[in-house]
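Coordinate inspection notes
Here are the chains, one letter per residue:
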Amino acid sequence: MVKKVHVLDHPLIQHKLTIIRDKNTGPKEFRELVDEISTLMAYELTRNLALQVVTIETPIKKMNAKKLSGKKIGIVPIMRAGLGMVNGITRMIPVAKVGHIGLYRDPETLKAIEYYVKLPTDIQGRELIVVDPMLATGGSASAAIQALKDRGAVNIKFLCLIAVQEGIDAIHKDHPEVDIFTASIDQGLNDKSYIIPGFGDAGDRLFGTK
Ligand SMILES: O=c1ccn([C@@H]2O[C@H](COP(=O)(O)O)[C@@H](O)[C@H]2O)c(=O)[nH]1
Ligand SMILES: O=P(O)(O)OP(=O)(O)O
Ligand SMILES: [Mg+2]
């Protein structure tokens, strides 16, 4: 299977990403920009959504026009950091349902530890977008995707702001069919498996916890 990574290099996305990378950007601006970047990324990600032709009547005359063909979408943030991306996406796709997967990365083993799962009941029939700002070792994303598959999901995409090759390889090894969308592929991981240069701990920067 072809490895599917899409780098969303729209200038507005890249500009805003540069601002949130800056260590002097505080939580308020960080949150606002993650929200805006997520909206822009959702726009790019949904480029291939299926359309159907419907007949409507304008004030002038009847016409055949295009409408989304009722595709059911689900957004699944990996908590905590993925929460910062939800509103930006649902602004573009207001009918999307939102599921939540709570995972934290054990600081010693780096293993993703699951602490919460709450999903729409009909995930089997939905196109799911798993979101987390950072794809580092890939442990969290892979575990979240597996949690969805264990509950019957079949159509899954992964959206992040920054990825590294190691995380991309981990998803492709465990879930070769999953498309990955990112705004950047960074250099690598440091000795604590933080992304270099990245923007630090996404959860802490969003919620001001450090
Ligand atoms: O630079 C980083 C790296 C990771 N995170 C957080 O960890 C997980 C992803 O790490 P994996 O190793 O891919 O499991 C992600 O949920 C981030 O919240 C980070 O914030 N900054
Ligand atoms: O993946 P982590 O451990 O950084 O979790 P959180 O998003 O809660 O900071
Ligand atoms: Mg964190």
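In the annotation of an unreviewed UniProt entry, the entry for the protein chain reads Uracil phosphoribosyltransferase, and the organism field reads Virgibacillus tibetensis. Of the comments in the UniProt record for the protein chain, the one headed Function (unreviewed entry) reads "Catalyzes the conversion of uracil and 5-phospho-alpha-D-ribose 1-diphosphate (PRPP) to UMP and diphosphate." Here is the UniProt Sequence similarities (unreviewed entry) comment for the protein chain, exactly as written: "Belongs to the UPRTase family."

What follows concerns the site of ligand 1. Close contacts around ligand 1 come from 16 residues, with Arg105, Asp132, Thr137, Ser140 and Ala202 the closest. Between ligand 1 and Arg105, the relevant distance is 2.8 Å, taken from an oxygen atom to a side-chain nitrogen or oxygen of the residue. Separating an oxygen atom of ligand 1 from a backbone N or O atom of Ile195 is a distance of 2.8 Å. With the chains in place, 93% of the 460 Å² that ligand 1 exposes on its own is no longer accessible. Most atoms of ligand 1, that is more than half of them, are within 2 Å of grid points of the largest pocket. At the level of secondary structure, the elements contributing two or more residues to the shell around ligand 1 comprise strand S9 (134-135) and helix H4 (139-150). Residue classes in the shell around ligand 1 are distributed as 7 nonpolar, 6 polar and 3 charged.

Among the 7 residues that make up strand S4 (residues 73-79), 7 are buried, leaving the element largely enclosed by the rest of the structure. Of the two faces of S4, the one lined by Ile73, Ile75, Pro77 and Met79 and the one lined by Gly74, Val76 and Ile78 are each fully buried. The pairing of S4 with strand S8 (residues 127-131) spans 5 bridges and is classified as parallel. Residue pairing across strands places Ile73 opposite Glu127, the latter belonging to S8. Note that S4 and strand S5 (residues 97-98) share 2 bridges and pair parallel. Pairing of Ile75 across the sheet is with Val98, part of S5. For the handedness criterion, the β-α-β arrangement of S4, helix H3 (residues 83-92) and S5 is classed as right-handed.

With that settled, consider the site of ligand 2. By nearness alone, every residue bordering ligand 2 is listed as Met79, Arg80, Ala81, Tyr104, Arg105, Asp201 and Gly203. Ala81 is positioned with one of its backbone polar atoms (N or O) 3.2 Å from an oxygen atom of ligand 2. Within the side chain of Asp201, one N or O atom sits 3.5 Å away from an oxygen atom of ligand 2. If ligand 2 stood free it would expose 280 Å²; the protein chains cover 76% of that surface. Because more than half of its atoms lie within 2 Å of the grid, ligand 2 is assigned to the largest pocket. A breakdown of the residues in the shell around ligand 2 according to their chemical character gives 3 nonpolar, 1 polar and 3 charged.

Right, let's get into the environment of Gly74. With respect to the element layout, Gly74 can be found in strand S4. Spatially, the C-alpha atom of Gly74 lies 14 Å from that of Ala147, the residues being 73 residues apart in sequence.

As a further point, take the UniProt feature "domain: Phosphoribosyltransferase" (unreviewed entry) in the protein chain. Under the feature "domain: Phosphoribosyltransferase" (unreviewed entry), the UniProt entry names residues 7-209. With 33% helix and 30% strand, the stretch residues 7-209 has end C-alpha atoms that lie 29 Å from each other.

What counts, and where the lines are drawn
Residues numbered from 1 in each chain as written. Chains lettered and ligands numbered in written order. Predicted model: local features only at pLDDT ≥ 70, side-chain atom pairs only at ≥ 80, totals over all residues. Heavy atoms only, no water. UniProt positions renumbered as here; feature names shortened; annotations may be inferred. Near = heavy atom within 4 Å. Polar contact = N/O pair within 3.5 Å; in protein donor to acceptor, adjacent residues only side chain to side chain. Areas by Shrake-Rupley, 256 points an atom, 1.4 Å probe, with all protein chains shown as cover. 1 Å grid on protein atoms, 1.4 Å probe; cavity = no way out; pocket = protein on both sides within 12 Å on 5 of 7 lines; lining within 4 Å. Sits in = over half its atoms within 2 Å of the grid points. Helix = DSSP H or I, 4+ residues; strand = E, 2+ residues; numbered from the N terminus. Nonpolar A, V, L, I, M, F, W, Y, C, P; charged D, E, K, R; others polar. Buried < 20%, exposed > 50% of the residue type's maximum accessible area, 1.4 Å probe, protein only. Pairing = 2+ DSSP bridges. Right-handed = clockwise from strand over helix to strand, strands pointing away.

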